[in-house]
Amino acid sequence: SERIKIKALLQTTPAEQEVNVKGWVRTFRNNQFIALNDGSTNSNIQIVVDFQNTDEALLKRITTGAALSVTGILVASLGKGQAVDVKATSIEILGDSDPEKYPLQPKKHSLEFLREIAHLRFRTNTFGAIFRVRNSLSFAVHQFFQEKGFVYLHTPVITASDAEGAGEAFKVTNLDLNNLPRTESGEIDYKQDFFGRATNLTVSGQLEGELGAMALSDIYTFGPTFRAENSNTTRHLAEFWMIEPEMAFYDLADNMDLAEGLLKYVINYALEHNAEDIEFLTQRLLEEEKSKPQQERSEMTLLEKLQFCLNNDFERLTYTQAIEILKDSTPNKKKKFQYLIEGWGADLQSEHERYLVEKHFKKPVILTDYPKEIKSFYMRQNDDGKTVAAMDILFPGIGEIVGGSQREERLERLEQRMDEIGIPKDELWWYLDTRRFGGCPHAGFGLGFERLVLFVTGMGNIRDVIPFPRFPKNAEF
Ligand code: 4AD
Ligand code: MG
């Protein structure tokens, strides 16, 4: 019979029918009960082995980690855990797994240990749940934008520009690093490079996205972006996926509405399509928090947190209002936020962001109108001469999840800002052209996909929500 996935099988009413399942052994008890998993769900199917009539040599090969094909009869389960069992009539070993050497023993492993065997961690319940949720969220992102008539635009991975101007780009070259060609003045001669110029991995698809929006109206990108910043934190990766919509004729308020709508849509989608996985992750978190002191445990479970996020408007306020709140607040008994007492203009640290979200408002927050000095050159300048039409969305447990703005569509203002900051206008001539030929008000934002997955799965470290994390001194798998 044709193979059936375990998720579907568990919903089938047993009627003595023959079925075939394929998967990996989680455990094999008493020479009789195999817990088999195929990744379609965290639940295992129990295979009942007629051990008295099964070859001894075959029984020995049914070990944790081995890949099997099992044909048998679907019957009502004898055990309490599940509704159905498969009574095996034939077992084929597709791939042996040496029990002495297999690193994933049937017991609890720490996340740190599992990170070191990232090639095998997919086989645990936790990572099965995480990557199924990640899959749903990415599908939901596409569905949200497609329903609204946005065009999915593929922006280049190799570029000559650094959109965020933060100097955190990874260089790309085909030059022989041991024998770099030099100009007469001793500099690296990028004219001899494959592209005839210095290039890097993209830090953001925004600038190219803006070009698309100036013709297609509404576009979004969804692809990998790269930053050579200090990513030794639980919130940063050197390679992360970003969703960057860009919309012609949108202002900042439209931009905020779209971002809030997107976040709620995809979270709701995951709740509807991954109920079992989110329930599993909710229990995992509760278990993990048991080891923490009472006051450090969260007030809501993961499931409650997600539902709360759906059912409440995000709090919207300006950077200036946020500073007023932070200046007057006492995060703990001893200290105030020292650097903010100095006042307006400072960039917010993640402890400030988390204070606003977790302690003050106790819900997602959208901060707007930041000082222009701490934001990028392309953000639209406000009339006060000091702030720009920026927005950051801050989430509980995460901090910044979205960064965006209305864009400066006025050529003169944009050029003047680029001059002030020292961004070469001649290199971005193509970007400036959009302001010359039918430029119009527009806006966009970037949603860090792994930060979203982090929020929805309740995991504590961004390295655990991407299959193969890239961070300093780590590119093994
Ligand atoms: O705030 P950022 O740097 O904004 C941009 O790149 C804009 N060009 C976006 C736009 O307007 N189109 O990054 C956007 C988001 C952040 O809010 C954060 O969620 C995520 O990307 N992010 C990271 N995620 C993981 N690791 C990193 N190193 C990240 N850096 C930014
Ligand atoms: Mg940002």
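Residues numbered from 1 in each chain as written. Chains lettered and ligands numbered in written order. Predicted model: local features only at pLDDT ≥ 70, side-chain atom pairs only at ≥ 80, totals over all residues.

In terms of helices and strands, the protein carries 14 helices and 16 strands. With the C-alpha coordinates aligned to their principal axes, the bounding extent of the protein is approximately 85 × 60 × 45 Å. Looking at the protein residue by residue over its 477 residues, the buried ones come to 37%. A fraction of 69% describes how many contacts in the protein between residues 6 or more apart in sequence connect residues 24 or more apart. (Helix = DSSP H or I, 4+ residues; strand = E, 2+ residues; numbered from the N terminus. Buried ≥ 20, exposed ≤ 12 C-beta atoms within 10 Å, placed from the backbone. Contact = placed C-beta atoms within 7 Å.)

Moving on, we come to the sheet that holds strand β5 (residues 84-95). Here we have five strands rolled up into a closed barrel, ordered β1-β2-β3-β5-β4, and mixed in their pairing. When the angles between neighbouring strand axes are averaged without regard to direction, this sheet yields 55°. (Pairing = 2+ DSSP bridges. Axes fitted to C-alpha atoms, helices over the stretch in contact; angles between N-to-C directions.)

In this section: the sheet that holds strand β11 (residues 239-248). Taking strand neighbours across the sheet as the criterion, the eight strands line up as β6-β10-β11-β16-β15-β14-β13-β12 in an open arrangement whose pairing is mixed. Every other strand in the sheet has two partners, leaving β6 (151-152) and β12 (315-318) as the edge strands with one partner each. Of the strand pairs in this sheet, strand β13 (residues 365-371) and strand β14 (residues 387-395) are connected by six bridges, and their pairing is antiparallel. Bridged to Leu367 within β14 is Asp392. Running at roughly 30° to β11, helix α5 (residues 206-216) makes contact with β6, β10 (218-226), β11 and β16 (442-448) of the sheet. Running at roughly 105° to β13, helix α9 (residues 319-327) makes contact with β12 and β13 of the sheet.

What follows covers the nonpolar core. With 81 residues, the main nonpolar core has Val266, Leu447, Leu452 and Val456 as its most contacted residues. A total of nine residues in this core trace back to one element, the largest contributor, which is helix α6 (residues 252-273). With sequence-adjacent residues up to four places away left out, Val456 is seen in contact with Val133, Leu137, Ile267, Ala270 and Leu306. With 20 residues, the next largest nonpolar core counts Ala35, Val70, Leu74 and Ile91 among its residues. (Core = buried A, V, L, I, M, F, W, Y, C linked by C-beta atoms within 7 Å.)

Time to look at unusual backbone geometry. Backbone geometry places Lys362, a non-glycine residue, at a positive phi of 55°. Checked against the element boundaries, Lys362 lands in the loop between α11 (350-360) and β13. For Asp369, which is not glycine, the phi dihedral falls at a positive 55°. With 23 C-beta atoms counted inside 10 Å, the residue Asp369 sits in the buried group.

The next subject is the site of ligand 1. Residues in close proximity to ligand 1 total 23 residues, the closest being Ser204, Gln206, Gly403, Gly446 and Gly448. Among the secondary structure elements, those contributing two or more residues to the shell around ligand 1 are β11, β15 (399-406), β16 and α14 (449-457). Here the shell around ligand 1 takes five residues from β15, the largest share from any one element. A class-by-class count of the residues in the shell around ligand 1 yields seven nonpolar, nine polar and seven charged. (Near = placed C-beta within 6 Å. Nonpolar A, V, L, I, M, F, W, Y, C, P; charged D, E, K, R; others polar.)

It is worth spelling out the environment of Glu246 at this point. By secondary structure assignment, the location of Glu246 is in strand β11. A sequence separation of 40 residues divides Glu246 from Gln206, and the C-alpha atoms of the two residues are 7.6 Å apart.

Contact geometry of α6 with helix α8 (residues 302-311) gives a least axis separation of 10 Å together with a crossing angle of 140°. As far as their axial angle goes, α8 and α6 are oblique. Viewed along their axes, α6 and α8 form a crossing whose handedness is left-handed. Contacts from Lys264, Ile267, Asn268 and Leu271 of α6 reach α8 at Leu306, Cys309 and Leu310. Within the contact of α6 with α8, the residues separate by chemical class into five nonpolar, one polar and one charged. (Parallel < 35°, antiparallel > 145°, perpendicular 65-115°, else oblique. Left-handed = near helix turned anticlockwise from the far one by under 90°.)

Now for the packing of helix α4 (residues 125-147) against α6. At a minimum axis separation of 9 Å, α4 and α6 run at an interaxial angle of 135°. Classed by the angle they form, the pair α4 and α6 counts as oblique. The way α4 lies across α6 gives a crossing that is right-handed. On α6, the residues touching Val133, Ser136, Leu137, Ala140, Val141 and Phe144 of α4 are Leu262, Tyr265, Val266, Tyr269, Ala270 and His273. Here the contact of α4 with α6 is composed, by residue class, of ten nonpolar, two polar and no charged.

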